[in-house]
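Structural overview for review
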There are 2 protein chains.
Amino acid sequence: MTENKLDTEEKIKAAAAKLFTQKGYAATKTRDIAEEAGINLSLLNYYFRSKEKLFNLIMGEKIRQFFGIVVPVITDASLDLELKIELFVEKYIETLTQNPDLPIFVLNEIRNNPKHFVEEIGANKILMSSSLMNQIRAKNPEINPVHFIMNLMGMSVFPFLSKPVFMASQVIDEKSFKALMDERRKLIPIWMNAILGSK
Amino acid sequence: MTENKLDTEEKIKAAAAKLFTQKGYAATKTRDIAEEAGINLSLLNYYFRSKEKLFNLIMGEKIRQFFGIVVPVITDASLDLELKIELFVEKYIETLTQNPDLPIFVLNEIRNNPKHFVEEIGANKILMSSSLMNQIRAKNPEINPVHFIMNLMGMSVFPFLSKPVFMASQVIDEKSFKALMDERRKLIPIWMNAILGSK
DNA sequence: AAAATATTTGAACAATTGTTTTAATCATTT
DNA sequence: AAATGATTAAAACAATTGTTCAAATATTTT
């Protein structure tokens, strides 16, 4: 019984996560979630009160997933800059390969509801006070470290955001995208070093 | 009369473009568009038949805007690689500064409807057969040129996609974002050269 | 000016959608 | 086996939403 309850609750959450990340809040209907989960429509409200509450739950998890991966990496002062970059890229490409819809969903919903994001994570403090920032500043004090964060995240995340464009353009297919991402695990750290060295 | 007709038609299009790019298709209601445009709800269907037809019209324009900017640059064989990169960055940052919501809207809707994107633009041929591709290949034949396209686009576009994140995190404000983007106009070409030189 | 055409309006319709309600079923405890 | 509480199902409700319709107003043409 408690087993069964967790089952349906989890089924609903999984279905909601899939549809919300794929289509966004407004385009996802409660009946779609129920069908995807294979449960009766009423159970959604029974377990989660409302579509909005369910969504906030999912979004919180997704935001933590998206930003949480790399927090241990960028805050660990015992890792030097080059190793941090390697681990950062490694973790991101690995996670996003398994959750390709994550970035566009998270960016969308943060734009729609920035407050929820701020409350969900203390991203400001984590990011700005991280040892990563200091190490970047030490390496090249002339340039705003935000540039490097944007470059590092951009080079890791942007391919997943633009993947549908390249796929539709037939520039790449699923297989070559995977191969490209494997290459990027090694290349991005090299590129980031080249960028950090350039003046 | 013809003047007035164009007026309301343009008012509806402008309102629709604003709301669709801001909130996406599903979250934008026809009544919202009518109110934003200051017109009677029925006029939307009178001029554009349906919400979907209006949306497709807007999306086509936005896709052309997003990809059209740089087509003359990347296809012009008389421009050398370094100049191409400079112009590419220049054009993109300029356009996106004035249309910050453009990237996330375009990426969203291409994911939702890749076919429409393919029909709208022959992006495949434009991109793959561009002189840019050949110039990249000539400069560094060992690496898939798609990497450089992703890096170049990513470094130019990603900041606008992630802007809400950095704003909400209070890492940057509107003014410093503008300043950062001005810096990036000069820095991205330097970085791209550093990347192209690294092996 | 009169007729014809184009535009605008307000009301209504039909379908969709989030939610609630009521009753039935199931598992657990007494 | 009866009772209790949790879970599931089916139906219905109320609000929203895209669209249409018929009438009114404005504009153009004859």
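Residues numbered from 1 in each chain as written. Chains lettered and ligands numbered in written order. Predicted model: local features only at pLDDT ≥ 70, side-chain atom pairs only at ≥ 80, totals over all residues. Heavy atoms only, no water.

1. Focus: the overall build of chain A
Threshold: To qualify as a helix, a DSSP run of H or I must reach at least 4 residues; to qualify as a strand, a run of E must reach at least 2; elements of each kind are numbered from the N terminus. Think of it in three bands: residues with accessible area under 20% of the maximum for their type are buried, residues over 50% are exposed, and the middle band is partly exposed, with areas taken using a 1.4 Å probe on protein chains only. In what follows, a contact means two residues having at least one pair of non-hydrogen atoms within 4.5 Å. Here, Shrake-Rupley sampling with a 1.4 Å probe gives the accessible areas, and only protein chains in the shown set may cover a residue. When charges are counted, neither His nor the chain ends are considered; positive counts come from Lys and Arg and negative counts from Asp and Glu. Each charge is placed at NZ for Lys, CZ for Arg, CG for Asp and CD for Glu.
Helix and strand content of chain A: twelve helices and zero strands. For chain A, the α and β elements follow one another from N to C terminus as α-α-α-α-α-α-α-α-α-α-α-α. For chain A, the spread of C-alpha atoms along the three principal axes comes to 60 × 40 × 30 Å. Counting only residues that meet the buried cut, chain A has 53% of its 199 residues in that class. Within chain A, contacts between residues at least 6 apart in sequence are counted, and of these 69% link residues at least 24 apart. Surface accessibility of chain A: about 9,200 Å² in total, with carbon and sulfur atoms responsible for 52%. Between the averaged position of the 26 positive side-chain charges in chain A and that of its 24 negative side-chain charges there is a distance of 4 Å.

2. So, the protein's contact with DNA strand C
As a reminder of what qualifies: Consider each residue's heavy atoms; a residue with any of them within 4 Å of a molecule or strand counts as near. Any N or O atom pair separated by 3.5 Å or less is treated as a polar contact, with the protein-specific requirement of one donor-capable and one acceptor-capable atom, and with residues adjacent in sequence counted only for side-chain atom pairs. Under the scheme applied here, ten amino acids are nonpolar (Ala, Val, Leu, Ile, Met, Phe, Trp, Tyr, Cys and Pro), four are charged (Asp, Glu, Lys and Arg), and all others, including Gly, are polar.
The environment of DNA strand C is made up of 20 residues, and the closest members are A:Thr30, A:Arg31, A:Lys51, B:Ser42 and B:Tyr47. Here a base nitrogen of DNA strand C sits 2.7 Å away from a polar atom, N or O, in the side chain of A:Arg31. Between DNA strand C and B:Tyr46, the relevant distance is 3.0 Å, taken from a phosphate oxygen to a side-chain nitrogen or oxygen of the residue. Of all the secondary-structure elements, those providing two or more residues to the surface near DNA strand C are helix H2 (30-37) and helix H3 (41-48) of chain A together with helix H1 (2-23) and helix H3 (41-48) of chain B. The element that contributes the greatest number of residues to the surface near DNA strand C is H3(B), accounting for four residues. Partitioned by chemical class, the residues of the surface near DNA strand C number six nonpolar, nine polar and five charged.

3. Considering the UniProt feature "DNA-binding region" (unreviewed entry) in chain A
Our working rule: UniProt positions are given in the numbering used here, feature names are shortened, and annotations may be inferred rather than shown by experiment.
Within this structure's numbering, the places UniProt gives as "DNA-binding region" (unreviewed entry) are residues 29-48 of chain A. Within residues 29-48 of chain A, the helical portion is 80% and the strand portion 0%, while the C-alpha atoms at the span's ends are 15 Å from each other.

4. Brief notes about the domain arrangement of chain A
Residue and element names in this part refer to chain A. Threshold: Domain start and stop positions are those given by an automatic or database domain assignment. Accessible area that two parts lose when put together, with a 1.4 Å probe and added across both, is what the buried area reports. For this document, the term salt bridge refers to a Lys or Arg side-chain nitrogen within 4 Å of an Asp or Glu carboxyl oxygen.
Taken domain by domain, chain A consists of domain 1 (1-49) and domain 2 (59-197). Computed over C-alpha atoms only, the centres of domain 1 and domain 2 are separated by 30 Å. Taken residue by residue, the interface counts seven residues in domain 1 and five residues in domain 2. Summed over both partners, the interface of domain 1 with domain 2 buries about 440 Å², with 62% contributed by carbon and sulfur atoms. Taken together, the links from domain 1 to domain 2 amount to one salt bridge. A salt bridge links Lys13 to Glu61; its shortest N-O distance comes to 2.7 Å. Linking domain 1 with domain 2 are one residue pair in polar contact (both at pLDDT 80 or more).

5. Points about the relation of the copies chain B and chain A
Filter applied, for reference: All copies are superposed by least squares; the fitting set is the C-alpha atoms of residues with a pLDDT of at least 70 in both.
Superposing chain B onto chain A requires a rotation of 180° together with a translation of 0.0 Å along the rotation axis, leaving an RMSD of 0.1 Å. Considering both components of the superposition, the chain copies are consistent with a two-fold axis. Of the residues that chain B buries at the interface, 100% are likewise interface residues in chain A, meaning the two copies contact each other through the same surface.

6. Brief notes about helix H4 (residues 51-68) of chain A
The line we're drawing: A helix is expected to span 1.5 Å multiplied by its residue count minus one.
Here H4(A) spans 25 Å end to end across 18 residues, near enough to the 26 Å set by a 1.5 Å rise per residue. When we look at burial in H4(A), the residues that qualify are A:Lys51, A:Leu54, A:Phe55, A:Ile58, A:Met59, A:Gly60, A:Lys62, A:Ile63, A:Phe66 and A:Phe67.

7. With respect to the packing of aromatic side chains
Going by this rule: Only the six-membered ring of Trp is used, alongside the rings of Phe and Tyr, when aromatic pairs are assigned; centres must lie within 6.5 Å, and planes under 30 degrees apart are stacked while those over 60 apart are edge-to-face, with the rest tilted. Here, a charge over a ring means that NZ of Lys or CZ of Arg falls within 6 Å of the ring centre while also lying within 35 degrees of the ring normal.
The full count for this structure, using the stated rule, is 22 aromatic pairs over all chains. Ring plane angle 85° and centroid distance 5.4 Å describe the contact between B:Phe160 and B:Phe177, whose orientation is recorded as edge-to-face. In this pair, B:Phe160 is assigned in helix H11 (residues 145-168) and B:Phe177 in helix H12 (residues 174-197), connecting sequence segments 17 residues apart. What makes B:Phe177 buried here is its relative accessible area of 4%. Clustering of aromatic rings is evident, with ring pairs tying together A:Phe66, A:Phe67, A:Phe88, A:Tyr92 and A:Phe117. Over the aromatic face of B:Tyr25 sits the side chain of B:Lys51, whose NZ or CZ is 4.2 Å from the ring centroid.

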